[in-house]
Amino acid sequence: MDRTAPNIPVPKKWFVDGFCRYCKRYLRKHFHVLAANANSISTLEVLPETPIIVYGNHAGWWDPIVGMLLNDRYFPGRTLYAPIDAKALESYRVFKQLGFFGIELNSLEGARNFLLASRVVFSRPNICLWITPEGRFADPRDHTQELLPGLLHLSRHESRPWVVPLAIEYTFWEERQPEALAMFGKPMRFDAESANCRSEWNQTLTLALRTTQNQLADLSIRRSNSDFQIIVSSHLRRNWYDLIRSLRSLLHKSPAKIEHSDKFANSDKFANEEPVPKPSQGSSKR
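The following refers to the structure shown.

**What about empty space enclosed by the protein?**
Stage number 1. In this structure the tally under the stated criterion is two cavities of 30 Å³ or more.
Stage number 2. Looking at the second largest cavity, its volume works out to about 30 Å³.
Stage number 3. Taken together, Asn57, Pro140, Arg141, Ala167, Ile168, Glu169, Gln213 and Leu216 form the lining of the second largest cavity.
Stage number 4. Within the residue set of the lining of the second largest cavity, elements represented by two or more residues are strand E6 (162–171) and helix H7 (198–222).
Stage number 5. The element contributing the most residues to the lining of the second largest cavity is E6, with three residues.

**Side note on the pairing of strand E1 (residues 33–37)**
Stage number 1. The buried fraction of E1 is high, at five of five residues.
Stage number 2. As paired strands, E1 and strand E7 (residues 179–184) are joined by four bridges and run parallel to one another. Residue pairing for E7: Ala36 is matched across the bridge by Ala182.
Stage number 3. Bridge count for E1 against strand E8 (residues 228–233) is five bridges, and the pairing is antiparallel. Opposite Ala36, over in E8, you have Gln229 as the bridge partner.

The rules we used
Residues numbered from 1 in each chain as written. Predicted model: local features only at pLDDT ≥ 70, side-chain atom pairs only at ≥ 80, totals over all residues. Heavy atoms only, no water. 1 Å grid on protein atoms, 1.4 Å probe; cavity = no way out; pocket = protein on both sides within 12 Å on 5 of 7 lines; lining within 4 Å. Points joined across faces, edges and corners; volume = space filled by probe spheres on them. Helix = DSSP H or I, 4+ residues; strand = E, 2+ residues; numbered from the N terminus. Buried < 20%, exposed > 50% of the residue type's maximum accessible area, 1.4 Å probe, protein only. Pairing = 2+ DSSP bridges.

Below you can see the structure in the form of structure tokens.
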């Protein structure tokens, strides 16, 4: 059995930055906005040089792209790493150069390789490991899936990483395009004095994620843009019918109302604002 450390390339910053710019343009074509709950952002200040694990629900295909943009926005200077299904990685090989590493799901050997790869990641400075411990796609309201044990093992690593729950939803409000909404939970850290309380710590991790999901669900139902800080906005992408309506309004000297509501109406302004937290996380040599 090969237990050698896997080869995980260190992502090049210029390549990651370029791909994030592409992802923003790509997201604008398919979503009205990508936004994160404003109140939860202020909890993200963590100790410099300490590894971070962000673990979230697996809502859909967009999760890796959303994760990259959230990492770029709220964890500046942190290098993103994330496990992904080995077969899927072969279909999207560009992700190998972006910090993603392949694992075989639903196998003991795959679980062992995941832990080996994660230890390699933890040995590097200023990292943020993003994982979806449900192990499958699941509706954001479906909380029946138990979290895979890899999260428990990693959160008890000797480096004592900060562990941050993350909830993601893709939901339609009033516009033609859906909203991509995210919310962070309060960062946690395993207490070394409670080393024997594995089951209690696992319950804590599970409860933190499900609570964050429920809180985001309430905000999604509430449909108030004041709860969110915008990361990416569609900038009122218009089709031919919208252009005709705009021209008609111009001729009649009346304001054109393209969107169906005023939610995220100031999206251009907020999308360019600096993130709320300003953690001193050091520079990353990527």
